[in-house]
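Commentary on secondary and tertiary structure
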Amino acid sequence: MCGIVGYVGRQDAAPILMEGLKRLEYRGYDSAGIALARSKKLKLFKAQGKVQALEAILPEQPKGQIGIAHTRWATHGEPSDVNAHPHPDGAERIAVVHNGIIENAPALKAELEASGVVFRSDTDTEVLAHLIAQSDAPNLADAVRSALRRIQGAYGVAVIAGDQPDQIIVARNGSPVIVGVGNREMFVASDAAALVRHTQQVVYLNDGEVATVTAEGFETSTLDAAPVHKTPVTAPVAQDDYDKGAHEHFMVKEIAEQPDAVERMLQGRLDLRFNSAHFGGLNLTPRELIDIERIKILGCGSAYISACNGAYVIEQLARIPASAEPASEFRYRNPVIEPGTLYIAVSQSGETLDTLMAVEEIKRKGGRVIGIINAVGSTIARACDGGLYLHAGPEISVVSTKTFTSTLVGFALLGLYFGRIRDLAPTAGEKLIKALQALPEQIRQILDDTAAIETAATFCAKARDMYFIGRGLGFPVAQEGALKLKEVSYIHAEAYPASELKHGPLALVTPETPVVAVLPDDALLDKNLSSIAEVHARKGPVIALTHPGVVCAAADHHVVVPKSVPELDPILLGVALQIMAYRCALILERDIDQPRNLAKSVTVE
Ligand code: G6P
């Protein structure tokens, strides 16, 4: 969602800011803007739509060696030029960019209007610009602090002033802010993606911290102006991670990265001596684990679907009752937090607001929660009591691919570990480890021969509606396959447990409704074949996603992937469906990396 970039130094800021905004496009946004300070004056440029629309209204060589820029995802007020950030005060002396939501904006706005302030936009952020401008504090940092002390809600902000054109003030409360350290130039951003081209030396602000950033350095302090000493660290990402390289889209690049991502996920985590797994940061002793009576897994979108898979795998391997729930549903139903329950939060970005709020609700009620997170040091990762990182590298395409796969590997590792503490036999542990080790090569095999997937995709790309069916562990595969397809190709796709087909959706199966049947070679094969026969009898075209040796006479297309153990089969079946969704979207010429209306990290409700 919203993104912040800032620059202060010796170069003209505009090209650096515009390039930064382009790096943040993947997050999803609907307007963009930039503010530059020069000769004690601010210049603002804002445009609804893509960064290119903003580029089109910029003068040829906009001058100014300090500036802030923003991509906005509309929350308060429609997407429009005027609602785009940066927001100035009435005199256009200061400009503010803001990620997050100011919850008490209506009350503050009423108060400001009563004092004669005229608002130009419908945004909550404009409140902050006027509050800063009204402050009689001696410097910009103090003015920002006094304004922020009046704000309730979440924010990551960056502020510049025309009359103090040597500094950017940034602050964080619940929404990330990073300061990038250059050579006599400094950068700010809400996401390392906007910085890595310039520097990997970064400082992560914590909640409640404010930084004054000048070309020569930075000073950090609390909202109450108490100094905080912070040392730059090396950001765990490289510029390459944010480039498509030889690939046409980030989605296909990230699909191709999966063998490496799985290898990284396994690195150092397999315990060959005890046929188990080990983790650095779970912060749970075996004694504590043995007392766990239940596991509840939470996440949103693909993270929630991975949680459905995780609950199944952990329950099978460790014999601990486990279930999954969308984090957004969980947080609003006043959940009972049981002492014997271990909660697991799943999030690629570590920023999804509903997941964060669910974690905070659990912690507020005394529960214990671990995270499966990709973004190192992210808000959710820090809110959890422990957990494991995916180390999959940045995922730029809005739809999740490599992090979904890595999360499934994470659940298999947790299931192995919890299982080996309980009843899982060493031989069963050994078998699972061998299967885990074989995964990267098996994924490579799928990536190396996509002919059958492409044929199926060419067929499916003509459809308006599709069903995905599966049973047991095959059902989350069907769910993720349908989600992926609808996200990138806009083909209407629904997932159903295969057994539920005859209880409703079968009424809609016609020769125009392709059905993807997840058909692993497992104990439920015959049951699945019966469901496929029901579809075939209604002349519904069937794409069977299956294993070598399975004969499905009723299928019109076969996609065959290598066989693993049942707990890991969903990973390989899932990769094939990612490729199928990608190919359909390619045929239909969709905006694959940035599907309409979707955002990479959803930091609002
Ligand atoms: C958005 C993305 C999804 C993602 C979900 C959860 O909706 O478009 O691809 O699965 O957020 O994101 P998270 O970062 O918490 O995994």
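1. Comments concerning the nonpolar core
Ile 295, Leu 414, Phe 418, Leu 436, Met 466, Phe 468 and Met 580 are the most contacted members of the largest nonpolar core, which totals 92 residues. Counting residues per element, this core draws most heavily on helix H18 (residues 569–587), which supplies twelve residues. Split by domain, the residues of this core number at least three in each of domain 2 (247–443) and domain 3 (449–591). Membership of the second largest hydrophobic core comes to 34 residues, among which are Ile 16, Leu 21, Ile 34 and Val 51.

2. Here we look at unusual backbone geometry
The residue after His 85, namely Pro 86, is reached through a cis peptide bond having omega 0 degrees. Relative to the helices and strands, Pro 86 resides in the loop between strand E4 (66–72) and strand E5 (87–88). We note that His 391 has phi near 50 degrees; this positive angle belongs to a residue other than glycine. Counting through the fold element by element, His 391 comes out in the loop between strand E22 (386–389) and helix H13 (402–421). For His 391, a relative accessible area of 38% translates into the label partly exposed. Not every positive phi belongs to a glycine, and Glu 589 is a case in point at roughly 55 degrees. Topologically, Glu 589 is positioned in the segment after H18.

3. Some thoughts on the site of the ligand
Contacts to the ligand come from 13 residues, most closely from Ser 347, Gln 348, Ser 349, Thr 352 and Ala 599. The contact in question runs from an oxygen atom of the ligand to an N or O atom on the backbone of Gln 348, over 2.7 Å. At 2.6 Å, a side-chain N or O of Ser 349 approaches an oxygen atom of the ligand. In isolation the ligand exposes 390 Å². Once the protein is present, 89% of that is buried. Across the shell around the ligand, the residue classes break down as five nonpolar, seven polar and one charged.

4. Side note on the environment of His 558
Tracing the backbone shows His 558 in strand E27 (residues 557–560). Taking the C-alpha atoms as reference points, His 558 and Ala 13, separated by 545 residues in sequence, lie 54 Å from one another. Those residues in contact with His 558 that lie beyond four places of it in its chain are Ala 452, Ala 544, Thr 546 and Cys 552. Polar side-chain contacts of His 558 include one of 3.3 Å to the backbone oxygen of Cys 552.

5. A word on the pairing of strand E21 (residues 368–373)
With five of six residues buried, E21 is to be regarded as a mostly interior element. Where strand E20 (residues 341–347) lies against E21, six bridges are found, and the strand directions are parallel. Bridge pairing links Val 346 to Ile 372 in E21. As for the winding sense of the linkage, the β-α-β connection from E20 through helix H11 (residues 353–364) to E21 is right-handed. Pairing analysis gives four bridges linking E21 to E22, with the strands arranged parallel. Its bridge partner being in E22, Ile 372 is matched across the sheet by Leu 388.

6. Structural notes on the sheet that holds strand E25 (residues 515–519)
Here we have five strands laid out as an open sheet, ordered E24-E23-E25-E26-E27, and parallel in their pairing. Whereas interior strands pair on both sides, the edge strands pair on one side only; in this sheet they are strand E24 (492–497) and E27. The average angle at which neighbouring strand axes cross in this sheet is 20 degrees, direction not considered. In this sheet, E27 lies alongside strand E26 (residues 542–546) in parallel orientation, the contact comprising four bridges. Paired with Ile 543 across the strands is His 557, a residue of E27. On the sheet, helix H15 (residues 451–460) packs against strand E23 (465–470), E26 and E27 and is oriented at approximately 140 degrees with respect to E27. Here helix H16 (residues 474–489) sits on the sheet in contact with E23, E24 and E25, set at roughly 175 degrees to E24.

7. So, the packing of H13 against H18
Orientation of H13 relative to H18, taken along the N-to-C sense of each, is 175 degrees, at an axis distance of 10 Å. Comparing their axes, H18 and H13 come out roughly antiparallel. Contacts between H13 and H18 involve Thr 405, Leu 408 and Val 409 on the former and, on the latter, Pro 570, Ile 571, Val 575 and Gln 578. Taken together, the residues of the contact of H13 with H18 sort by class into five nonpolar, two polar and no charged.

Procedures and definitions
- Residues numbered from 1 in each chain as written.
- Predicted model: local features only at pLDDT ≥ 70, side-chain atom pairs only at ≥ 80, totals over all residues.
- Heavy atoms only, no water.
- Core = buried A, V, L, I, M, F, W, Y, C linked by side-chain atoms within 4.5 Å.
- Buried < 20%, exposed > 50% of the residue type's maximum accessible area, 1.4 Å probe, protein only.
- Helix = DSSP H or I, 4+ residues; strand = E, 2+ residues; numbered from the N terminus.
- Domains from an automatic or database assignment.
- Near = heavy atom within 4 Å.
- Polar contact = N/O pair within 3.5 Å; in protein donor to acceptor, adjacent residues only side chain to side chain.
- Areas by Shrake-Rupley, 256 points an atom, 1.4 Å probe, with all protein chains shown as cover.
- Nonpolar A, V, L, I, M, F, W, Y, C, P; charged D, E, K, R; others polar.
- Contact = heavy atoms within 4.5 Å.
- Pairing = 2+ DSSP bridges.
- Right-handed = clockwise from strand over helix to strand, strands pointing away.
- Axes fitted to C-alpha atoms, helices over the stretch in contact; angles between N-to-C directions.
- Parallel < 35°, antiparallel > 145°, perpendicular 65-115°, else oblique.

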